[in-house]
Amino acid sequence: MSGHHHHHHHADPDASSGRIAMAFWLNAMFAVVEFIGGMLTNSTAIMADAVHDLGDALAIGFAWIMQRLSGREADARFSYGYRRFSLLAALVNGGILIIGSVWVLSMAIPRLWAPEMPHAAGMFWLAILGVAVNGFAAVKVSKGKTLNEQLLNWHLLEDVLGWVAVLIVSVVLLFVDWPILDPILSIVFTLFILSNVVRHVVKTLSLFLQAVPDRKLRQEIMDKLMEIEHIQAIHHLHLWSLDGEKHVLTAHLELDKPISTEVQTAIKGDIADALTKYALAHTTFEFEQISENCRDRNEHHPPESHH
């Protein structure tokens, strides 16, 4: 099963860990600076960014811990390994970001009716610092090849853009008295973050609840199995995902006639060939003879596929 599916494992895990750790400390310390700066400059836009950066720092922290955890081998306690922990981290992080975003909106929306002038010069210098810190972290992490690092890079680029927006608003406020720009910017920015986070949380939750990660993929696998000689029906086909990348498949395969051990071995070979390209992490199949009663049938599963 060597193929293009494994290219990202050649990345040096320690280097990857080091880059992620650095991005974490930069973001965490900077989020603290922003909260204080947001209070001092009286800017909801900076507060919105602070929440986003705090969310990023948490996401990075979780990603870092999970990168270390999910590499662990399966053991007697977690027989599928530790990959599902990354889903848990994504859910926790999503929850924190949603709470933070709602908090920013609750501050910013009332200001639309009673705008308060933020301290524009303070905003300006904080924004310069924001672009520099996040830009530096983004450049560092962009060297990474793991999925974790690629996602993280998007996060950091979003941060840079957020700070560019704050920078532009602060420059405008230095010259004109339009305090309403500050809450408008924070609301737009927060809604943008929220829409992404909610989408991500819904997807993660569905994987967490063991939904089929991809219905088309499930149907495709089913069709591939049905093409194999002697398989006349399939039921109890379960496809779920450990972490969105590594999938698990189990199925009961009904045979059209009693077969010898040699034929059974040949069928197993055909199944392996048919499924190679899907790079499934775990697969389990049970063969059933024509007259055999399936012991799981009490679940009232209809046969899913028949020749």
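Keep in mind that what you see is a predicted model, and the values were worked out from it rather than measured.

A. How the structure looks around the overall build of the protein. Tallying secondary structure elements over the protein gives eight helices and four strands in all. Listing each helix as α and each strand as β along the protein from the N terminus yields α-α-α-α-α-α-α-β-β-α-β-β. The burial tally for the protein puts 42% of its 307 residues in the buried class. Pairs at least 24 apart in sequence give 76% of the contacts found in the protein among residues at least 6 apart.

B. Main features of helix H4 (residues 120-141). Taking 1.5 Å as the rise per residue, H4 with 22 residues should run 32 Å; its terminal C-alpha atoms sit 31 Å apart, in good agreement. Within H4, burial applies to Ala120, Gly122, Met123, Leu126, Ala127, Gly130, Val133, Asn134, Ala137, Ala138 and Val141. Looking down the long axis of H4, one finds its buried residues gathered within 145 degrees of arc, a one-sided arrangement. Exposed residues on H4 whose side chains face more than 90 degrees from its buried face are Trp125 and Val139.

C. Examining the pairing of strand E1 (residues 231-241) more closely. Across the 11 residues that make up E1, a large majority, nine, are buried. Here eight bridges tie E1 to strand E2 (residues 247-255), and the two strands are oriented antiparallel to one another. When the bridges of E2 are listed, Ile234 appears paired with Leu253. Two successive antiparallel strands, E1 and E2, enclose a turn made up of five residues, where Gly244 displays a positive phi of approximately 95 degrees.

D. Main features of the packing of aromatic side chains. Tallied over the entire structure, the rule returns six aromatic pairs. Relative to Trp103, the ring of Phe35 lies with its centre 6.2 Å away and its plane at 45 degrees, an arrangement referred to as tilted. Taken together, the residues Phe35 in helix H1 (residues 13-41) and Trp103 in helix H3 (residues 84-111) connect sequence positions 68 residues apart. Here Trp103 falls in the partly exposed class, since its relative accessible area comes to 34%.

E. Layout of the nonpolar core. Ranked by internal contacts, the top residues of the largest apolar core, which has 22 residues, are Leu225 and Ile234. For this core, the elements supplying multiple residues, two or more each, are helix H7 (215-226), E1, E2 and helix H8 (261-275). Examining the composition of this core, we find that five residues originate from one element, H7, more than from any other. Not counting the four nearest positions on each side in its chain, Leu225 is found in contact with Ile231, Ile234, Leu237, Leu253, Ile271, Leu275 and Phe285. Formed by 14 residues, the second largest nonpolar core is a distinct cluster that contains Phe30, Ala45, Val133 and Val169.

Procedures and definitions
- Residues numbered from 1 in each chain as written.
- Predicted model: local features only at pLDDT ≥ 70, side-chain atom pairs only at ≥ 80, totals over all residues.
- Heavy atoms only, no water.
- Helix = DSSP H or I, 4+ residues; strand = E, 2+ residues; numbered from the N terminus.
- Buried < 20%, exposed > 50% of the residue type's maximum accessible area, 1.4 Å probe, protein only.
- Contact = heavy atoms within 4.5 Å.
- Expected span 1.5 Å × (residues − 1).
- Arc of directions from axis to C-beta.
- Pairing = 2+ DSSP bridges.
- Phe/Tyr/Trp six-rings, centres within 6.5 Å; stacked < 30°, edge-to-face > 60°.
- Core = buried A, V, L, I, M, F, W, Y, C linked by side-chain atoms within 4.5 Å.

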